[in-house]
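# Summary of the model geometry
The primary structure of each chain is shown beneath.
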Amino acid sequence: MTDGRVYCPICQAEVERPADLWAAAARTAGRLYRAIRGLTEADLAYRPRADAWSIREIILHLADTELVHGYRLRRALAEDSPELPTFDPTAWAARAAYDRREVRPAIAGFRALRLATLDLLRSVEPAAFERVGRHPRFGPLTVGQLFGHLVDHDLEHLRQLEWTRAVVEGKIEPASS
Ligand code: NI
């Protein structure tokens, strides 16, 4: 198996996707714990630019998005062509206390939900990956596409976390993204 570029209908872009989605999806929680190791509260709260999220905000976004992704997958798996829920990540970040909540419970919640979702996906028949939900903006999406996007979304924000941590540690300038 090799990694490859695929079109993600939710990212609406070509993305570099690991060949082993299961392994990638299972690694994310550990990578989040490593991303905050040794950081102070001030480091977690630091925004590299006025328009950029802090490490705390990125982790809260991933934790809350896992609820949405898990719910969409369950809707598409269990119901016939359901309408998939949408959400506004910017509004959630602004109004759901992303600048104040604790990162460790957020990662613990992400980890538990992710484990349960992966167990669900491993337990259904392979044909279930072709089941479809309808997203109001992105149109019909299969369970397989929703699973692929789960990993694309992790990797996008893990890169953002790495970049933000490098700025916090003074290794790069905030203008260099
Ligand atoms: Ni996101």
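Refer to the preceding data block for the structure.
These numbers were taken from a predicted model, which means no experiment stands behind them.

### With respect to the overall build of the chain
A tally of regular secondary structure across the chain gives six helices and four strands. When the helices and strands of the chain are placed in sequence order, the string is β-β-α-α-α-α-α-β-β-α. Relative to the globule expectation of 16 Å for 177 residues, the C-alpha radius of gyration of the chain, 17 Å, shows essentially globular dimensions. In terms of overall dimensions, the chain has a C-alpha envelope of 50 × 35 × 30 Å along the principal axes. Going through the 177 residues of the chain one by one, you find that 28% of them count as buried. The contacts of the chain with a sequence gap of at least 6 include a subset with a gap of at least 24, amounting to 67%.

### Side note on the pairing of strand 3 (residues 132-135)
Strand direction decides the pairing type here: strand 3 and strand 4 (residues 139-142), joined by four bridges, are antiparallel. Residue Gly 133 lies in a different strand from strand 4, and its bridge partner there is Leu 141. In this structure, the hairpin formed by strand 3 and strand 4 is closed by a connection of three residues.

### Quick look at the environment of Leu 44
With respect to the helices and strands, the residue Leu 44 is situated in helix 2 (residues 41-45). Note: C-alpha distance between Leu 44 and Ala 93 (49 residues apart in sequence) is 15 Å. Sequence-distant contacts of Leu 44, that is, excluding residues within four places in its chain, are made with Ile 36, Leu 39, Ser 54, Ile 55, Arg 56 and Val 103.

### Structural notes on the nonpolar core
Core analysis: the biggest nonpolar cluster contains 15 residues, and Ile 59, Ala 63, Ala 106, Ile 107 and Phe 110 have the highest contact counts within it. At six residues, helix 3 (residues 55-78) tops the list of elements feeding residues into this core. The residues touching Phe 110, leaving out its near neighbours within four places in the chain, are Ala 29, Leu 32, Leu 62, Ala 63 and Glu 66. Core analysis: the next-biggest nonpolar cluster, separate from the first, contains 11 residues, Leu 73, Leu 121, Leu 146 and Leu 150 among them.

### With respect to the packing of helix 1 (residues 21-36) against helix 5 (residues 103-123)
Put simply, helix 1 and helix 5 touch, their axes get as near as 10 Å, and they point 170° apart. The orientation of helix 1 with respect to helix 5, classified from their angle, is roughly antiparallel. Residues Trp 22, Ala 25, Ala 26, Thr 28, Ala 29, Leu 32, Tyr 33 and Ile 36 of helix 1 pack against Val 103, Ile 107, Phe 110, Arg 111, Arg 114 and Leu 118 of helix 5. Taken together, the residues of the contact of helix 1 with helix 5 break down into 11 nonpolar, one polar and two charged.

So, how was this worked out
Residues numbered from 1 in each chain as written. Predicted model: local features only at pLDDT ≥ 70, side-chain atom pairs only at ≥ 80, totals over all residues. Helix = DSSP H or I, 4+ residues; strand = E, 2+ residues; numbered from the N terminus. Rg over C-alpha atoms; globule rule 2.2 N^0.38 Å. Buried ≥ 20, exposed ≤ 12 C-beta atoms within 10 Å, placed from the backbone. Contact = placed C-beta atoms within 7 Å. Pairing = 2+ DSSP bridges. Core = buried A, V, L, I, M, F, W, Y, C linked by C-beta atoms within 7 Å. Axes fitted to C-alpha atoms, helices over the stretch in contact; angles between N-to-C directions. Parallel < 35°, antiparallel > 145°, perpendicular 65-115°, else oblique. Nonpolar A, V, L, I, M, F, W, Y, C, P; charged D, E, K, R; others polar.

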